[in-house]
Amino acid sequence: MQRFIIEMGSGNDQYGQNYTKAAARAIEDAIRHSSIPMFDTLGVDHMKMSVQVTVGVQEPDQVDCDALRENLPRGSVTVKAVSGGLNVTNPDTGNVIVIASAAVEAFLDPEVVRG
């Protein structure tokens, strides 16, 4: 498999301390402005694409990777959560803002493209 695209994004949850919500927003940020016309142009089925998503948060064990995978529209998707991101505490209220980062990588077998 050969990587043909990588998109990066960030997202946050300002009040709920929800790591999955922050990660989902980071993934959405990464793919929101992407368009890959080569699938239609070359007649390649989107399901031939392998999508690997890595999200970084301070508490990776609190991320529901299955829920994140279900929200990705195309390809065979894997999602993993790793240590990263930021937790920022408001010193006046104690509220913790969760900030996540995401990398969305897409891979294809070069033979599929050469078809």
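Each chain has its residues counted from 1, following the order in which its sequence is written. Confidence filtering applies because this is a predicted model: local features only for residues at pLDDT of at least 70, side-chain atom pairs given and counted only at 80 or more, and all residues used for totals across whole chains, interfaces and linings. Computation of side-chain values: all heavy atoms of the structure, hydrogens and water removed.

1. Some remarks on the overall build of the protein chain
Okay, so step 1: Note on conventions: DSSP H or I runs of at least 4 residues are helices, E runs of at least 2 residues are strands, and numbering of each starts at the N terminus. Counting its secondary structure elements, the protein chain contains four helices and five strands.
Okay, so step 2: Taken from the N to the C terminus, the helices and strands of the protein chain come in the order β-α-α-β-α-β-β-β-α.
Okay, so step 3: Seen along its three principal axes, the alpha-carbon backbone of the protein chain occupies a region of about 60 × 25 × 20 Å.
Okay, so step 4: Between buried and exposed lies partly exposed: a residue is buried under 20% and exposed over 50% of the maximum accessible area for its type, with that area taken using a 1.4 Å probe on protein chains only. Within the protein chain, the fraction of its 115 residues that count as buried is 33%.
Okay, so step 5: Only the protein chains shown count as cover for residues, and all accessible areas are computed by the Shrake-Rupley method using a 1.4 Å probe. When the accessible surface of the protein chain is totalled, it reaches about 6,900 Å², and 46% of it is carbon and sulfur.

2. A word on the pairing of strand β3 (residues 76-83)
Taken residue by residue, a regular strand's side chains alternate between the two faces of the sheet.
Okay, so step 1: Judged from the eight bridges that link them, strand β2 (residues 50-57) and β3 form a sheet pairing that is parallel. From the neighbouring strand, Gly56 faces β3, where its bridge partner is Val82.
Okay, so step 2: Regarding the hand of the β-α-β motif, the stretch spanning β2, helix α3 (residues 65-70) and β3 is right-handed. Any two strands with at least two DSSP bridges between them are considered paired. The handedness rule is simple: strands pointing away from the viewer, and a clockwise path from the first strand over the helix to the second, make the crossover right-handed.

3. So, the nonpolar core
Okay, so step 1: The criterion is simple. A nonpolar core is a set of buried Ala, Val, Leu, Ile, Met, Phe, Trp, Tyr and Cys residues joined through side-chain atoms within 4.5 Å. If you look at the biggest cluster of nonpolar residues, it comprises 26 residues, and the most contacted ones within it are Ile27, Val53, Val55, Val63, Leu68 and Val79.
Okay, so step 2: Of all elements in the fold, only α1 (19-31), β2, α3, β3 and β5 (96-108) reach the threshold of two or more residues within this core.
Okay, so step 3: Residue contacts are counted whenever heavy atoms from the two residues lie within 4.5 Å of one another. If sequence neighbours within four positions are ignored, Val79 has contacts with Val53, Cys65, Leu68, Arg69 and Leu72.

4. Description of the pattern of salt bridges
Okay, so step 1: For this document, the term salt bridge refers to a Lys or Arg side-chain nitrogen within 4 Å of an Asp or Glu carboxyl oxygen. For the coordinates displayed, the defined rule picks out three salt bridges.
Okay, so step 2: A salt bridge links Arg32 to Glu28; its shortest N-O distance comes to 2.6 Å.
Okay, so step 3: Taking relative accessible area as the criterion, Arg32 reaches 48% and is therefore assigned partly exposed.
Okay, so step 4: What makes Glu28 partly exposed here is its relative accessible area of 42%.
Okay, so step 5: Close ionic contact of Arg69 with Asp66 constitutes a salt bridge, the shortest N to O distance being 2.1 Å. Residue Arg69 and its partner Asp66 are located together in helix α3, separated by three residues, close to a single helical turn.
Okay, so step 6: Overall, the relative accessible area of 30% leaves Arg69 in the partly exposed class.

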